[in-house]
Amino acid sequence: MFSRFRRAERKGSVPSVVVLGGGYGGVYAALELQGAAKRGEIKLTLISRENFFLFQPMLAEVISGSISPLNVVSPIRRIVPHAQVHQAEVESVDTGSRTVAIRYPGHARLTTISYDHLIFAVGSATNLSQFPGVEEHGMSFKTLGDAFRLRNHLISMLEAANVEDDPFYKMQALTFVIAGGGYTGVEVTSEINEFLRVASRSYRNVNPEDFRVILLHRSGRILPELGEKLANLSHRLLERRGIYIRLHAELKGATGQSALLADEVYIPTKTLVATIGASPNPILADLPCETERGRLVVDETLAVKGGENLWAVGDCALVPDVLRGGFCPPTAQFALREAKSAAQNVLATIRGTPTKHFRYKSRGVFVPLGGFAAATEAFGLEMSGFLAWWLYRTFYLLQLPRLERKLRVVTDWTLDLIFPPDIVKVDIERPRGTSRRHYEAGEYIYRKGDIAYEFYVVLTGEVEVLREEDGRESGVAKLGVGEYFGEMSLLNSAPHASSVRAKTSAQILVMTGEDFLALASSSSLFGDMLREVVERRVTINAANQSKER
């Protein structure tokens, strides 16, 4: 049956199948193709940004510590040993020359890989730039690093609240806002709520009653993935667990001190998790193929319309649902089946046999609600509570690749039933030398008496310098775009002598004190400029004080 492929291999013309993406679509397409690769029918290549496959449905459990972070990932090279795996960023696709340009981490030059068939499984991207300040001060939830950073941050807030005497700042530290009431948002909210209420027992000055976990959703009900009856039931279960749900609440922006809603309501918080902002993968924009809302339009066989030997699955594809009409939802469950179907049709095309239409009926939707409870629509039934939770865990455990990972996850779950969650904070990132922050009018950048850690430059908007006398603050200076502040305290190694707050909505460039002092000492031009500004400001302050006397 495969004699023509053996002859082609001897001639060096074995068809090359390249898979873009290391998520559900990419890994399961490669799994379906690697049998043919082992027999020498095809040359199989998989290109992924990470060298591991992240099991997304269990990612939220990393927050609470129910599962060890390393147990929700599997090394791609062990899952698909017969594929050539490249850990690289896909830069572009040239359908004319049938090549993919990739860039390896830390390399400036591009590497080109040729293909005969190309499967797109690149998923979607996250774009929070439309919400001022959210990119700088919010946290996304899509990667293993996101989950780890969020867990560290939650522990930091518990530590801060435990020693905070001011009621407002303690309330701010213990207010946690999650934007987006879809599947991911509800799952993250549930895990945050469960973790905080258990972990807080280890902190003497923090009570579970002090927490405010707030879920924001822009429409009239959460969980659009579920039917209305089950979504409403889930809503009530979450509220009984102490979660505040605000419907018709649209996130407008954020600062390091608050979340701003579209109705001009500010929620004081230092924790904003944004499960919104999904956008098309940018590498699809320049393809000469049919797209709709940034996704590749495919036919019933998952072949890309307007392309030759191009296939697409998962979030990046608009897949027709031949059973129910409309389009298939961009979920992991569908991506897995689409990947297998696309891989089979690629092999059918290479072998010259008929391709098949993609047909799949959802097995169900599972949403964990925390505390051994979940909501599900599965096997034609709607249910919630412990049984739904058990079905949710069983279903996804069976989907987890590799027996080793299944055993590790079961062990984690068993230990989680017996022992309280760890509250160990592990800092794995070095502080950034420079960053950008967003402030709304009236928010303080720093207050008089605060220790000086940073240097500030106004990028947009206006800030005002305030002097306090007899318990009252008065403005002594206004600083606009291009002007800077905070340097005097850093140069003098002294606390801030005045307060600075945003007069209008403002974007501020922030440099760490260490980097600022290194720059001031190494650059004579910059040092001279700083001394001139410092002298001028000292003269102005002295003159103002003389006038008041």
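Owing to the predicted nature of the structure, the values given are computational and were not obtained by experimental measurement.

Student: Tell me about the sheet that holds strand β11 (residues 139–140), residues and numbers included.
Tutor: In a beta sheet, neighbouring strands pair by backbone hydrogen bonds and run either parallel or antiparallel. If you trace the 5 strands from one edge of the open sheet to the other, you get β11-β18-β12-β13-β14, paired in parallel fashion. The sheet is open, and its two edges are formed by β11 and β14 (243–247), each paired on a single side. Of the strand pairs in this sheet, strand β13 (residues 212–217) and β14 are connected by 5 bridges, and their pairing is parallel. Across the sheet, the residue bridging to L216 is R246, located in β14. The sheet contacts of helix α8 (residues 183–199) involve β12 (175–179), β13, β14 and β18 (271–274), and relative to β13 the element is tilted by about 175°.

Student: Any details on the environment of I222? Residues and values, ideally.
Tutor: Topologically, I222 is positioned in the loop between β13 and α9 (228–240). Judged by its relative accessible area of 1%, I222 is buried. C-alpha separation for the pair I222 and F211, spaced 11 residues apart in sequence, amounts to 21 Å. Aside from chain neighbours lying at most four places away, what touches I222 is G181, V186, L215, H217, A231, H235, L238, I245 and L247.

Student: Kindly report on the nonpolar core, identifying the contributing residues and their values.
Tutor: Among the nonpolar cores identified, the biggest contains 93 residues, and L33, I42, F141, L150, I192 and L196 are the most heavily contacted of them. Among residues more than four places away in sequence, those in contact with I42 are V14, P15, V17, L33, A36, A37, L347 and I350. Of all hydrophobic cores here, the second largest spans 33 residues; its members include Y115, L118, F120 and V298.

Student: With reference to specific residues and values, describe the side chain of H86.
Tutor: The topology assignment puts H86 in strand β5 (residues 84–87). A polar atom in the side chain of H86 sits 2.8 Å from the side chain of Y104. Once you skip the residues sitting within four places of it in the chain, H86 turns out to touch T45, L46, I47, S48, I102, Y104 and I113.

Student: How would you sum up the sheet that holds strand β21 (residues 295–297)? Please name residues and give values.
Tutor: Here 3 strands make up an open sheet; going across it, the order is β20-β21-β23 and the pairing mixed. Here the strands that pair on one side only, and so sit at the sheet edges, are β20 (291–292) and β23 (317–318). Bridge count for β21 against β23 is 2 bridges, and the pairing is parallel. From the neighbouring strand, L296 faces β23, where its bridge partner is A317.

Criteria and thresholds
Residues numbered from 1 in each chain as written. Predicted model: local features only at pLDDT ≥ 70, side-chain atom pairs only at ≥ 80, totals over all residues. Heavy atoms only, no water. Pairing = 2+ DSSP bridges. Helix = DSSP H or I, 4+ residues; strand = E, 2+ residues; numbered from the N terminus. Contact = heavy atoms within 4.5 Å. Axes fitted to C-alpha atoms, helices over the stretch in contact; angles between N-to-C directions. Buried < 20%, exposed > 50% of the residue type's maximum accessible area, 1.4 Å probe, protein only. Core = buried A, V, L, I, M, F, W, Y, C linked by side-chain atoms within 4.5 Å. Polar contact = N/O pair within 3.5 Å; in protein donor to acceptor, adjacent residues only side chain to side chain.

These results come straight from atomic positions and should not be treated as a statement about function.
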